[in-house]
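# Observations on the model geometry
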Amino acid sequence: ILLAKRITPVTGGQHAKLVLFFVIYLVQTMELKENDAKLFTPGPLTTSLTVKKAMLHDLGSRDTVFLNIVAYIREKLLHLADASADDYTAVLLQGSGSYAVEATFSTSISRQDAKVLIIENGAYGQRMVKICRTLNIPHDVLSFGETERVQVDQVAEKLKSNRYTHVAIIHCETSSGILNPIDEIGQLVHDHGAEKGSIVYIVDSMSAFGAVPVSLRNGHITYIISSANKCIEGVPGFSFVISKKQHLLKCQGQARSLVLDLYDQYVYMEQSKQFRFTPPTHTILAFKRALDELDEEGGVQGRGKRYEENNKRIRELMRGFGFVELIKPEYQTYIITSYYYPPAPFNFESFYQKLSKKDQLIYPGKTTVTDCFRIGNIGRLFVKDMEILAESIKDVCQEMGINLPLNNDNKQ
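Worth saying up front: this structure is predicted, and the values here are computed from it rather than measured. (Residues numbered from 1 in each chain as written. Predicted model: local features only at pLDDT ≥ 70, side-chain atom pairs only at ≥ 80, totals over all residues. Heavy atoms only, no water.)

What follows deals with the UniProt feature "modified residue: N6-(pyridoxal phosphate)lysine" (unreviewed entry) in the protein chain. Feature annotation in UniProt assigns "modified residue: N6-(pyridoxal phosphate)lysine" (unreviewed entry) to the following positions: K230. The exposure class of K230 is buried, given its relative accessible area of 10%. Those residues in contact with K230 that sit more than four places away from it in its chain are P42, G43, L45, M206 and S207. (UniProt positions renumbered as here; feature names shortened; annotations may be inferred. Buried < 20%, exposed > 50% of the residue type's maximum accessible area, 1.4 Å probe, protein only. Contact = heavy atoms within 4.5 Å.)

Given below as structure tokens:
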């Protein structure tokens, strides 16, 4: 505009307008820049520039292009879950992963003669317990320590001594990084009922789906739940549930919520290809692009390989600094790693803020038993990013007067 004003006296108004239009065009087509900050978190997480760009379009919720994208996503999710379209369906739901977890509990559990066994070893298993309490769903809880993997033999004993209609577990407990044995538990659940497969098996795979291989068929999983902004590397805005059609179709009228009625959402999508309520159109577009990029990377195996390399490198470097991992190596996955706080004068808030100023964002711990922090390896991150983070941690420790390698002689 300033340039146009300066040109006007010399060239006349017509030329000034042309210059103005040209400047506007340059601004509108200016290349987006990657966010300098790197998110070493379990989600939301760092996304690719092309995923961000995919959101720069407006589509109507009933537009044919948009409806076709929704159909494509639902089909693609079945493929990622090793689930046949004859037996399973994918239902998209507005909201975060916890919305989908509550929708699954609310819809899939009958209001009469139902009892759930929740197997938990962290904050997200405990959230399932809160959901059941809120919805007045009868339930038992089999708890393990927050640094302990779910023990299959103890689950077997619990199933023998009680009658359950549903069993629920977390795949990767995001609060710590523990990977639970969902296939072994699934086999137990499948074999235990009055008839095989009579117990509904619910798996929250929020921070694992898309990077840790899973098979709904082989794992005897009735419902698996995840969200857009985790290992598939989309942006927040919707979650999804992949479920056995045979069971979901029995759930009409069971939901304890209108908007979180998974059955109604499924039926409406089947009939109209649409969401019941306003969909997150831009998030859906980003997710479509993220799925394409997952394919380009080699699918779940390729994505998992990169995350595994990230995890291996940061653990090597942190070990060299003397940081101690919260979880035993044999219990961990490559999604996220938790570390004990180092000895004084460490202060996490100061540590976090100093790293943030270097554009390196980590997460505080989410366990109740110990002070720890978490480093995620998922999202659009590579080995070089892990090395930059480690160097930043080294610099911050020096700024805080913390000598490396750490002295952990008194570490519990």
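In this structure, L77, L92, F105, F209 and I242 are the most contacted members of the largest nonpolar core, which totals 82 residues. No other element matches the eight residues that helix α4 (residues 64–80) contributes to this core. If sequence neighbours within four positions are ignored, I242 has contacts with L77, L78, A81, Y88, T89, A90, F209, L216, T222, Y223 and I224. In terms of nonpolar packing, the next biggest core, distinct from the first, is built from 24 residues, F351, I362, M386 and L389 among them. (Core = buried A, V, L, I, M, F, W, Y, C linked by side-chain atoms within 4.5 Å. Helix = DSSP H or I, 4+ residues; strand = E, 2+ residues; numbered from the N terminus.)

The next subject is the pattern of salt bridges. Summed over the entire model, instances satisfying the criterion amount to 22 salt bridges. Across the salt bridge formed by R289 and E293, the nearest N and O atoms sit 2.9 Å from each other. Taken together, the residues R289 and E293, both in helix α11 (residues 281–296) and four residues apart, mark about one turn of the helix. Residue classification places R289 among the partly exposed residues on the basis of a relative accessible area of 24%. E325 is the salt-bridge partner of R315, the closest N and O atoms lying 3.0 Å from each other. Residue R315 is located in helix α12 (residues 299–321), and its partner E325 is located in the loop between α12 and β11 (336–340); the two are separated by 10 residues in the primary sequence. The class of R315 is buried, set by a relative accessible area of 14%. Accessibility expressed as a relative area gives 15% for E325, which makes it buried. (Salt bridge = Lys/Arg side-chain N within 4 Å of Asp/Glu carboxyl O.)

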